[in-house]
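Residues per chain, in single letters:
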Amino acid sequence: MAVPISLAKNLRFPVAAAPMFLVSGPELVIATCKSGMIGTFPALNQRTSEGYADWLTQVKAALGPDDASYGVNLIVHQTNTRLMADLAVTAEHKVPLVITSLGAVRDIVDGVHAYGGVVFHDVINARHAKKAADAGVDGLILVAAGAGGHAGTQHPFALINEIRQFFSGTILLSGSISTGGDVAAALMAGADLAYMGTRFIATTEAAAQAEYKAMLTETSAKDITYTDAISGINANFLTPSLIANGLDPNAAKDPKHKIDMAHELNAEAKAWKTVWSAGQGVGSIHDVPAVTELAARLRAEFDNALISFDDKRRAYSL
């Protein structure tokens, strides 16, 4: 299926920037949308629903008729006591795209559809995908192995091929996508959009600390630790940031070991704030450009990948 019409308008490059906790804010969203890609942020990056509404007002005021659409992430989980209040704000502002995580609920989907919005849902396996499809979501974000944040363990090819057998909606593929060539490969594999997170952390508009951005340029896939010890759900983290907080990466990989955040972290450290997440694609990140520069680079890499593929295709044509 193609990208929904409401999101396809002014979409000049097939990428959605993931909503990253403590990293994505209005500045990053606005720059991404103005560069022709979908920009998003988590509602919970603002501490109150009122603050969340202020951010939506800021984003809407900054975007013009030629800019790409934006979206927000809502955590659909019983621990999110703000969910219904934030959903009401979302509906009031008619947010074009809502990305739901940790629960696909028909009532939430219907609430977004009621004002004309689109719902994409994060999944890491086919079982979760089927539940989300039954809830009526418009698209699925396949968070494959190697993605930053709460990632799955399945290879992207295996995940997309299995889910395409029963889901005809929009598919976004996530997992170590860092270059325009990666974006081309995602589309070639059957995705409608590429979903990029870590690469956007290392941009000037991202709200991440300078030290976090620098670490992304200095690390590679070997420096990523996959563990549920930090937040209770498996996620990928930068190993040097674990070590900097006095945590043993080897112990963090042990499923029997649960880190006591109150006792094992430095006094000022908190999960996600100083224990930094990243995907395995960090080895492709060597600088911290502005989003406009990154967008131009991704486009050039994408075009070069298509030319290269076409040359290879002709070589094997009968």
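Residues numbered from 1 in each chain as written. Predicted model: local features only at pLDDT ≥ 70, side-chain atom pairs only at ≥ 80, totals over all residues. Heavy atoms only, no water.

Engineer: So what's going on with a nonpolar patch on the surface? Which residues, and what values?
Structural biologist: There is a patch of nonpolar side chains on the surface, built from F21, L22 and L44 and spanning about 230 Å² of accessible area. Structurally, F21 can be placed in the loop between strand 1 (15-17) and helix 2 (26-34). (Patch = residues over 30% accessible without salt bridge, like charges linked within 9 Å, V, L, I, M, F, W, Y side chains within 5 Å. Areas by Shrake-Rupley, 256 points an atom, 1.4 Å probe, with all protein chains shown as cover. Salt bridge = Lys/Arg side-chain N within 4 Å of Asp/Glu carboxyl O. Helix = DSSP H or I, 4+ residues; strand = E, 2+ residues; numbered from the N terminus.)

Engineer: Explain the packing of aromatic side chains to me, using residue names and the numbers behind them.
Structural biologist: Taken as a whole and judged by the stated rule, the model has 4 aromatic pairs. Measuring from ring centre to ring centre gives 5.2 Å for F13 and F302, while their planes differ by 80°; the resulting arrangement is edge-to-face. Of this pair, F13 sits in the loop between helix 1 (5-8) and strand 1 while F302 sits in helix 14 (residues 291-315), and the two are 289 residues apart along the sequence. As far as the burial class goes, F13 and F302 line up, both buried. Ring centres of F41 and W55 lie 5.3 Å apart, and the angle between their planes is 80°; this geometry places the pair in the edge-to-face category. Of the two residues, F41 is situated in strand 2 (residues 39-42) and W55 in helix 3 (residues 49-62); the sequence distance between them amounts to 14 residues. Residue F41 is classed as buried on the basis of its relative accessible area of 0%. Here the aromatic cluster, defined as three or more aromatic residues joined through ring pairs, consists of F41, Y52 and W55. (Phe/Tyr/Trp six-rings, centres within 6.5 Å; stacked < 30°, edge-to-face > 60°. Buried < 20%, exposed > 50% of the residue type's maximum accessible area, 1.4 Å probe, protein only.)

Engineer: Quick one: what's the story with the sheet that holds strand 3 (residues 70-75), residue by residue and with numbers?
Structural biologist: Backbone-to-backbone hydrogen bonds join strands into a sheet, with any given pair of strands oriented parallel or antiparallel. Here we have 8 strands laid out as an open sheet, ordered 1-8-7-6-5-4-3-2, and parallel in their pairing. Since the sheet does not close on itself, it has two edges, and those belong to strand 1 and strand 2, each with one partner. Averaged over all adjacent pairs, the angle separating strand axes in this sheet is 25°, with direction ignored. For strand 3 and strand 4 (residues 97-101), the ladder comprises 5 bridges, and the chain directions are parallel. Each bridged residue has a counterpart across the sheet, and for G71 the counterpart in strand 4 is L97. Along the sheet, helix 3 contacts strand 2 and strand 3; its crossing angle with strand 3, the most-contacted strand, is approximately 165°. Lying over the sheet, helix 7 (residues 156-164) contacts strand 5 (118-123), strand 6 (139-143) and strand 7 (170-174), oriented at roughly 155° with respect to strand 6. (Pairing = 2+ DSSP bridges. Axes fitted to C-alpha atoms, helices over the stretch in contact; angles between N-to-C directions. Contact = heavy atoms within 4.5 Å.)

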